[in-house]
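Structural overview for review
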Amino acid sequence: MGDGRDAGDDTVASGDTGAAGAPEDTARRLRAVCGELSTRFFERDDVVRTLVVTLLAGQHSLVLGPPGTAKSELARELTGRIDGAAYWEILLSKFTAPTRMFGPIDVAALARGEYRQVYDGRATTAHVAFIDEIFKCSTAALNETLGYLNERIYHPENGGAPIRCPLIGAITASNELPGGEDSAAIYDRLLVRIEVGYLEDPSNFAALVRSAVGRPAEPAPRTTLELAALQGAVGEGVPAVDVPDAIVDAVVTLRAALRRKELVASDRRWRQAVALLQASAYLDGRAAVAETDLSVLTHVLWDSPAQRPVVEREVLNLVNPDAREALDLADVIEELEAQLDAMAGQSREALSEWVIKNAHHKLAMAGKRLERLREEAAGAGRSTAAIDRVTGRQRAVRARVLTEALGVDASMVPTQL
């Protein structure tokens with residue numbers, strides 16, 4: 001990747017062929033990138049797509065989850081598919097100085113009596129930034145970070161004219177929610193919020209383990225696109241996507257439904273979310289926003305993770321009957337897991353009786369229904385993200401039942417109970 005100053009001369013390095021920069025080609029390449037990254041990163045299909053949509057909308061995202069969930073690796077891989085894009089990353093602490101983020105002092109120039117900063121390789125020249133532990137931003141760097149995220153500008157230390165930064169979007173990450181007013185100000189500027197966790201599906205975990213000990217695989221397909229093509233999509237292609245009156249009505253309905261649940265988002269957040277809907281449609285190669293694009297709002301309209309399921313249900317009530325039923329099945333699965341937890345310490349006979357009379361049938365029926373729901377959703381072109389997530393929970397709880405209640409090695413049992 002270059003430093004961003006001569007990116008216009010770059011060409012597509014690998015992957016698909018076609019008229020580079022044409023809107024349909026850009027969208028097709030980005031869909032291919034999503035597919036390739038989803039294959040590499042288990043249980044991250046929706047995360048990958050949402051990050052791409054957020055970049056297309058020219059917005060910033062927060063990936064919220066524990067360490068070791070591939071947050072930084074995913075950001076690097078995604079940016080690495082954009083030929084000519086300058087990528088910058090940093091792990092923040094309460095002691096991170098603004099100059100470390102935006103440009104250190106040029107010591108050689110200082111010796112000559114000149115005060116200047118070196119901006120190459122810093123946030124000031126990046127097209128995509130990954131900022132880890134974003135809420136540990138130091139007080140000294142807070143205002144500059146807010147200006148960087150809000151307006152894409154940096155004010156030099158010597159008080160010179162503001163520097164316009166080429167930032168398309170920042171991908172930020174944290175292990176926890178903000179704890180003070182300073183970090184809350186940054187949190188409010190991150191339009192998209194995505195929760196990630198450790199792998200839940202036992203088969204995916206087994207594949208992860210095998211990947212660590214297996215022989216080197218053949219190089220995977222690697223689709224790329226030009227920086228100029230992405231910039232054209234952000235600046236022209238996405239804003240040109242039509243937003244029909246029916247979608248506006250659906251957004252108004254959703255806002256009213258969330259307010260009845262005492263979940264209130266700012267007018268600014270709702271307005272910025274329109275670009276996400278347009279970006280979702282653009283990525284799918286459509287000229288107008290459709291109801292299915294509203295699913296991306298499940299990552300926008302909550303402040304705490306406890307609110308996310310409520311937002312998700314209200315969104316899916318509007319757009320996705322398959323996923324709505326999947327969430328009902330998720331309640332059944334979570335209740336079974338709670339019952340298993342409550343039976344800790346009981347005899348194997350008692351646990352086996354519970355499995356036979358209760359868990360076996362419910363988990364099997366849930367698995368079969370989820371499979372049918374996914375087939376119906378995929379056939380209708382609807383998102384399967386929520387269904388896939390619930391399926392992962394069903395398999396994880398099933399594995400616990402097999403190992404903890406029956407003493408069976410879950411890896412040796414077929415997918416369905």
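The structure reproduced in this document is the subject of the present report.

Mapped onto the elements of the fold, Asp331 is located in helix 13 (residues 321–342). Considered as a pair, Asp331 and Arg260 are 71 residues apart in the sequence and their alpha carbons are 22 Å apart.

Taken in spatial order, the five strands make up an open sheet running 3-4-7-1-8, and their pairing is parallel. Two strands close off the open sheet at either side, each with one partner strand: strand 3 (87–91) and strand 8 (192–195). Along the sheet, successive strands turn relative to each other by an average axial angle of 15°, direction set aside. Looking at chain direction, strand 4 (residues 128–132) and strand 7 (residues 169–174) are connected through five bridges and run parallel. Looking at strand 7, one finds that Asp132 is bridged to Ala173. Each of strand 1 (61–64), strand 3, strand 4 and strand 7 is contacted by helix 3 (residues 71–80), which is oriented at about 170° to strand 3, the strand it contacts most.

Here we take up the pairing of strand 4. Here strand 4 lies mainly inside the structure; five of its five residues are buried. In strand 4, alternate side chains face the same way, and those of Val128, Phe130 and Asp132 on one face and Ala129 and Ile131 on the other are all buried. Relative to strand 4, strand 3 is paired through five bridges, and the arrangement is parallel. Paired with Ile90 across the two strands is Ile131, which belongs to strand 4.

Moving on to helix 7 (residues 181–189). Along helix 7, the residues classified as buried are Ser183, Ile186 and Tyr187. Down the axis of helix 7, the smallest arc covering the buried residues is 105°, so these residues share one side.

If you trace the backbone, Val274 turns up in helix 11 (residues 267–283). Overall, the relative accessible area of 33% leaves Val274 in the partly exposed class. When the C-alpha positions of Val274 and Leu294 are compared, they lie 9.4 Å apart, and in sequence the two are 20 residues distant.

Let's shift gears to the packing of helix 1 (residues 23–40) against helix 3. One way to put it is that helix 1 packs onto helix 3 with a least axis distance of 11 Å and a crossing angle of 150°. Accordingly, the angle class assigned to the pair helix 1 and helix 3 is roughly antiparallel. Read as a crossing pair, helix 1 and helix 3 show a hand that is right-handed. Contacts from Val33, Leu37 and Arg40 in helix 1 reach Glu73, Leu74, Glu77 and Leu78 in helix 3. Among the residues forming the contact of helix 1 with helix 3, the class breakdown is four nonpolar, no polar and three charged.

Right, let's get into the pattern of salt bridges. With the rule as written, the count across this model stands at 30 salt bridges. Put simply, Arg49 and Asp284 hold a salt bridge, and the shortest N to O gap is 3.0 Å. Here the residue Arg49 occupies a position in helix 2 (residues 45–56), and Asp284 occupies one in the loop between helix 11 and helix 12 (308–319), the gap between them amounting to 235 residues. On the basis of relative accessible area, Asp284 is assigned to the partly exposed category, the value being 36%. One connected set of salt bridges, linked through shared partners, spans Glu200, Glu334, Glu337, Asp341, Arg393, Arg400 and Glu404.

What follows deals with a nonpolar patch on the surface. Taken together, the side chains of Phe205, Leu208 and Val209 present a nonpolar region at the surface, about 270 Å² in accessible area. With relative accessibility at 39%, the residue Leu208 sits in the partly exposed group.

This brings us to the environment of Phe130. Topologically, Phe130 is positioned in strand 4. Classification of Phe130 by relative accessible area gives buried; the value is 1%. A sequence separation of 223 residues divides Phe130 from Glu353, and the C-alpha atoms of the two residues are 50 Å apart. Apart from the residues lying within four places of it in its own chain, the contact partners of Phe130 are Lys71, Ser72, Ala75, Tyr87, Trp88, Glu89, Ile90, Ile171 and Ala173.

What counts and what doesn't
- Residues numbered from 1 in each chain as written.
- Predicted model: local features only at pLDDT ≥ 70, side-chain atom pairs only at ≥ 80, totals over all residues.
- Heavy atoms only, no water.
- Helix = DSSP H or I, 4+ residues; strand = E, 2+ residues; numbered from the N terminus.
- Pairing = 2+ DSSP bridges.
- Axes fitted to C-alpha atoms, helices over the stretch in contact; angles between N-to-C directions.
- Contact = heavy atoms within 4.5 Å.
- Buried < 20%, exposed > 50% of the residue type's maximum accessible area, 1.4 Å probe, protein only.
- Arc of directions from axis to C-beta.
- Parallel < 35°, antiparallel > 145°, perpendicular 65-115°, else oblique.
- Left-handed = near helix turned anticlockwise from the far one by under 90°.
- Nonpolar A, V, L, I, M, F, W, Y, C, P; charged D, E, K, R; others polar.
- Salt bridge = Lys/Arg side-chain N within 4 Å of Asp/Glu carboxyl O.
- Patch = residues over 30% accessible without salt bridge, like charges linked within 9 Å, V, L, I, M, F, W, Y side chains within 5 Å.
- Areas by Shrake-Rupley, 256 points an atom, 1.4 Å probe, with all protein chains shown as cover.

This is a description of form; function is not addressed.
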